[in-house]
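# Analysis of the macromolecular model
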Amino acid sequence: MASQMHRLGKWQQRVRVSSSRDRRLSNVLGTVSEICQKSSLPKNVIETASLIYRGLDGKNIKVKGKSVVSISAAVVYMACKQCDVVRSLEEICRGIVPGKDVKSKTKLAARYYRTMVMEMGSLKAPVLTMDKYISKIANMTQTEVRVERLALEIAEKTKDNSISDGKSPNGIAAAYLYVSSVLLGQNILQRDVSSVAGVTEVTIRNRCKEI
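Throughout what follows, the structure given in this document is the object of discussion. (Residues numbered from 1 in each chain as written. Predicted model: local features only at pLDDT ≥ 70, side-chain atom pairs only at ≥ 80, totals over all residues. Heavy atoms only, no water.)

Turning our eyes to something else, we now look at the overall build of the chain. On a plain count of helices and strands, the chain comes out with 11 helices and 0 strands. Ordering the α and β elements of the chain from the N terminus gives α-α-α-α-α-α-α-α-α-α-α. Taken as a whole, the chain presents about 12200 Å² of accessible surface, with 51% of it coming from carbon and sulfur. (Helix = DSSP H or I, 4+ residues; strand = E, 2+ residues; numbered from the N terminus. Areas by Shrake-Rupley, 256 points an atom, 1.4 Å probe, with all protein chains shown as cover.)

We now examine a nonpolar patch on the surface. Among the surface-exposed residues, Met-1, Met-5 and Leu-8 lie close enough to one another that they form a single nonpolar patch of about 370 Å² accessible area. The residue Met-5 is located in helix α1 (residues 2-17) in this model. (Patch = residues over 30% accessible without salt bridge, like charges linked within 9 Å, V, L, I, M, F, W, Y side chains within 5 Å. Salt bridge = Lys/Arg side-chain N within 4 Å of Asp/Glu carboxyl O.)

Turning to the environment of Ile-71, a few remarks are in order. Relative to the helices and strands, Ile-71 is located in helix α4 (residues 68-82). Each C-alpha atom of the pair Ile-71 and Leu-108 lies 8.3 Å from the other, and the pair is 37 residues apart in sequence. Excluding residues that lie within four positions of it along the chain, Ile-71 makes contacts with Arg-24, Val-28, Tyr-53, Lys-66, Tyr-112 and Met-116. (Contact = heavy atoms within 4.5 Å.)

In terms of nonpolar packing, the biggest core is built from 35 residues, with Val-45, Val-75, Val-76 and Met-116 touching the most fellow members. Of all the secondary structure elements, the ones that give two or more residues to this core are α2 (20-38), α3 (43-58), α4, α5 (89-94) and α6 (102-120). Here the element with the most residues in this core is α4; it accounts for 9 residues. Apart from residues no more than four positions distant in its own chain, Val-76 is found in contact with Val-32, Ile-35, Cys-36, Leu-41, Val-45, Ala-49 and Ile-92. Formed by 25 residues, the second largest nonpolar core is a distinct cluster that contains Leu-150, Ile-163, Ala-175 and Tyr-176. (Core = buried A, V, L, I, M, F, W, Y, C linked by side-chain atoms within 4.5 Å. Buried < 20%, exposed > 50% of the residue type's maximum accessible area, 1.4 Å probe, protein only.)

What follows covers unusual backbone geometry. Even without a glycine there, the phi angle at Ser-40 is positive, about 55°. Mapping Ser-40 onto the fold places it in the loop between α2 and α3.

Its 12 residues place the ends of helix α7 (residues 130-141) 17 Å apart at the C-alpha level, agreeing with the 16 Å of an ideal helix rising 1.5 Å per residue. When we look at burial in α7, the residues that qualify are Tyr-133, Ile-134, Lys-136, Ile-137 and Ala-138. Residues of α7 that are buried in the fold lie against α5, α8 (145-157), α9 (169-183) and α10 (190-197). The first or second residue beyond α7 is Gln-142, which carries a positive phi of 55°. (Expected span 1.5 Å × (residues − 1).)

Moving on, we come to the layout of surface pockets. Considering only enclosed or pocket space, the largest pocket measures out at about 230 Å³ in volume. Considering the residues around the largest pocket, the lining is formed by 13 residues, among which Met-130, Asp-131, Ala-155, Glu-156 and Lys-159 are closest to the centre. For the lining of the largest pocket, the secondary-structure elements that each account for two or more residues are α7, α8 and α9. Looking at the lining of the largest pocket, its residues break down into 7 nonpolar, 3 polar and 3 charged. (1 Å grid on protein atoms, 1.4 Å probe; cavity = no way out; pocket = protein on both sides within 12 Å on 5 of 7 lines; lining within 4 Å. Points joined across faces, edges and corners; volume = space filled by probe spheres on them. Nonpolar A, V, L, I, M, F, W, Y, C, P; charged D, E, K, R; others polar.)

Turning our attention to the pattern of salt bridges. With the rule as written, the count across this model stands at 5 salt bridges. Its salt-bridge partner being Lys-100, residue Asp-101 comes within 3.5 Å of it at the nearest N-O pair. Judged by relative accessible area, Asp-101 falls into the partly exposed class, the value being 24%. Between Arg-146 and Glu-144 there is a salt bridge, and its shortest N-O distance comes to 3.0 Å. By relative accessible area, which is 37% here, Arg-146 ends up partly exposed. Classification of Glu-144 as partly exposed rests on a relative accessible area of 38%.

In structure tokens, the structure reads:
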């Protein structure tokens, strides 16, 4: 109870001394930080996303009244593109909102993102190569560096075999990592990799056979 009263007192003081704009800035930057931590994004993405939002706020681009979660996801997504980090909007939203709300929040974040691009100028999206997908999933699953390195080597050796034609790059990248973990005797579960990659275990097994 004492702890709760202390927090209430602290927030009451903040409300008195801070404007609504300052409180919103604090809320959004806090949500941006939380999204980046839960999505295992590097520090430069957090810093870039914070600068993007401050830029929106500084240019008086309308952000008031927008969903804090969705506008935060949109600026993180834009920061990922600028920092050449591969993440989809859905993956970003999945880390911060309940499962039942992911679709609606992703759709709203996509709308905010399009508005931001129009207001701030177009962005050139990075070329999404297989090594970036592998590194993304390795980072999200905290896979050992040697497993990731072997996965990248296998991907390079099989790149001319049309394995990825018409298939989900997330599923193929997850399969490369799983094959590498088996070859190196590491205990990585298909369930864990498939969950992060957003594909089924059956998909990973099929891609492993093809590899």
